[in-house]
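Read off the chains here:
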Amino acid sequence: MKFTKTKIGRNDLCPCGSGKKYKKCCLRKPRVSNSQDLKTSYYKRYKIRLKESGDIAGIRKTGRLVLDTLDMVEEKLQSGMQTEEINTLVHDYTLRHGAKPAPLHYRGYPKSVCVSVNEVICHGIPGKRILRDGDIVNVDITSILDGYLADANKTFFIGTPGEEAERIVRVCKESLKRGLEMVRPGNTIGDIGWAIQTYAEGEKCSVVREFVEIGSGVGFEFHEAPQVPHYGKKRDGVVLVPGMVFTVEPMLNLGSKDIKVLGDQWTAVTKDGSLSAQFEQTILVTEEGYESLTPYPL
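Predicted, not measured: the structure shown is a model, and the values here were computed from it. Think of each chain on its own: its residues are numbered from 1, step by step along the sequence as written. At least 70 in pLDDT is required for a residue's local features to be given in this predicted model, at least 80 for side-chain atom pairs to be given and counted, and no such filter applies to totals for whole chains, interfaces and linings, which use all residues. The side-chain values count all of the structure's non-hydrogen atoms but skip hydrogen atoms and water molecules.

Visitor: I'm lost on the overall build of the protein in this one. Help?
Guide: A run of DSSP states H or I qualifies as a helix once it reaches four residues; a run of E qualifies as a strand once it reaches two. Both are numbered from the N-terminal end. Looking only at helices and strands, one finds five helices and 16 strands in the protein. We compute the radius of gyration from the C-alpha atoms alone; for a globule the expected value is 2.2 Å times N to the 0.38, where N is the number of residues. The globule rule puts the C-alpha radius of gyration for 298 residues at 19 Å, and the 19 Å found for the protein is close to it. Across its three principal axes, the protein shows a C-alpha extent of roughly 65 × 45 × 30 Å. Taking all 298 residues of the protein together, 54% fall into the buried category. In the protein, the share of contacts with a sequence separation of at least 24, taken over all contacts with a separation of at least 6, comes to 68%. As displayed, the protein offers around 13,200 Å² of accessible surface, 49% of which is attributable to carbon and sulfur atoms. Neither His nor the chain termini are counted; the positive set is Lys and Arg, and the negative set is Asp and Glu. Every charge is mapped to an atom, namely NZ of Lys, CZ of Arg, CG of Asp or CD of Glu. Across the protein, the 43 positively charged side chains and the 38 negatively charged ones have centroids separated by 9 Å. Remark: exposure states derive from per-residue accessible area (1.4 Å probe, protein chains only) relative to the maximum for the residue type, with buried under 20%, exposed over 50%, and partly exposed in between. When checking whether two residues touch, look at their non-hydrogen atoms; a contact exists if any pair is within 4.5 Å. Here the accessible surface of atoms and residues is derived via Shrake-Rupley with a 1.4 Å probe, and residues count as covered only by protein chains that are part of the display.

Visitor: How should I be thinking about the sheet that holds strand S13 (residues 268-270) in this particular structure?
Guide: Working definition: the strands of a sheet are paired by backbone hydrogen bonds and lie parallel or antiparallel to each other. Any two strands with at least two DSSP-identified bridges between them are counted as paired. In spatial order, the strands read S4-S13-S12; together these three strands make up an open sheet with antiparallel pairing. Bordering the open sheet on either side are strand S4 (120-122) and strand S12 (259-261), each of which pairs with just one other strand. Going from strand to strand, the sheet's axes swing by 40° on average, the running direction of each strand aside. By the bridge criterion, three bridges tie S12 to S13 in an arrangement that is antiparallel. Residue pairing in the sheet places Lys260 in a bridge with Val269 of S13. Every axis in this analysis is a line fitted to C-alpha atoms, fitted for helices over the stretch in contact. Angles between the N-to-C directions lie between 0 and 180 degrees.

Visitor: I tried to follow helix H3 (residues 83-96) on my own but got confused; where do I start?
Guide: For an α-helix, 3.6 residues make a turn, and residues three or four places apart therefore share a direction. For a helix, the expected span equals 1.5 Å multiplied by the residue count minus one. Taking 1.5 Å per residue, 14 residues should reach 20 Å; H3 reaches 20 Å between its end C-alpha atoms and fits that length. By the burial criterion, the buried members of H3 are Thr83, Ile86, Asn87, Val90, Tyr93 and Thr94. An end-on view of H3 places all buried positions within 145° of arc, on one side of the element. Of the surrounding elements, those touching the buried residues of H3 are helix H2 (53-76), strand S2 (100-101), strand S3 (114-117) and strand S5 (136-145). Gly98 lies just past H3 and shows a positive phi near 75°. This arc is taken over the directions from the axis of the helix to the C-beta atoms.

Visitor: Hey, could you run me through the pairing of S5 in this one?
Guide: Residues in a regular strand project their side chains so that they alternate between the two faces of the sheet. Of all ten residues in S5, nine are buried, a share of seventy percent or more. Direction of pairing for S2 relative to S5: antiparallel, over a ladder of two bridges. Paired with Lys100 across the two strands is Ile144, which belongs to S5. Pairing analysis gives four bridges linking S3 to S5, with the strands arranged antiparallel. From the neighbouring strand, Cys114 faces S5, where its bridge partner is Asp140. For S5 and strand S6 (residues 148-157), the ladder comprises ten bridges, and the chain directions are antiparallel. Each bridged residue has a counterpart across the sheet, and for Asn138 the counterpart in S6 is Thr155.

Interpretation note: all reported values are geometric properties and have no functional meaning in isolation.
Have a look at this one:
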């Protein structure tokens, strides 16, 4: 899936982060020099590691495995299933395909996947919770294959969803789409958050703000620079340039944006008990716009 828009305008801020207009900065430099200058500049300024063609191919390959794993889980989801069963499915499938589940033991996380049901916003630890008809469940998968990481998640319906469940899932999916439409060289990370926040709040939903690692750079490590907030102001933050790879993964609540973290120190739930949904893709900034490295229809 690709989104194409015009290239950087002469009067846009230069993607190298100098603060100058493009026409007075990198537009005047040779193209080959630009690429190396950007890579050096972005790591020095922001610790952002721009990806080269070989890296991108590796992340794309991992992304295909992540999507295959999500598809496999979707086929098996059903009422009466324990969330622990989802963990077993993801863990075994990942290992069978020569990969590793990135969440397992990450900062002490005990499972291979995050499974978040209804009021659980994120980081739900699979266990004895049973899925019921009408539930919504987010399955968040990050895999490591040949040293490269890719990350994606979807929120699924169990059985027949109610009106509120349909609404929060619809709005969250559309908010991801609108955020991705802002990804192109010359735009900023703030443009992504602004698009998501403006749409979601216009639909009377709230944007979760507590988790700075959601979304983030990905590819070489789990949660690289930059951080990608899903709220913000236009033209704020790092200027997007080709080679950046990060996740966009808005978390929306049907009620208040306020959260609480349970005693396991991982599971985040809505403070008012309202439903929460999330969708995520791993995104590459290209010369013309973006490419999803974990593409699925929105």
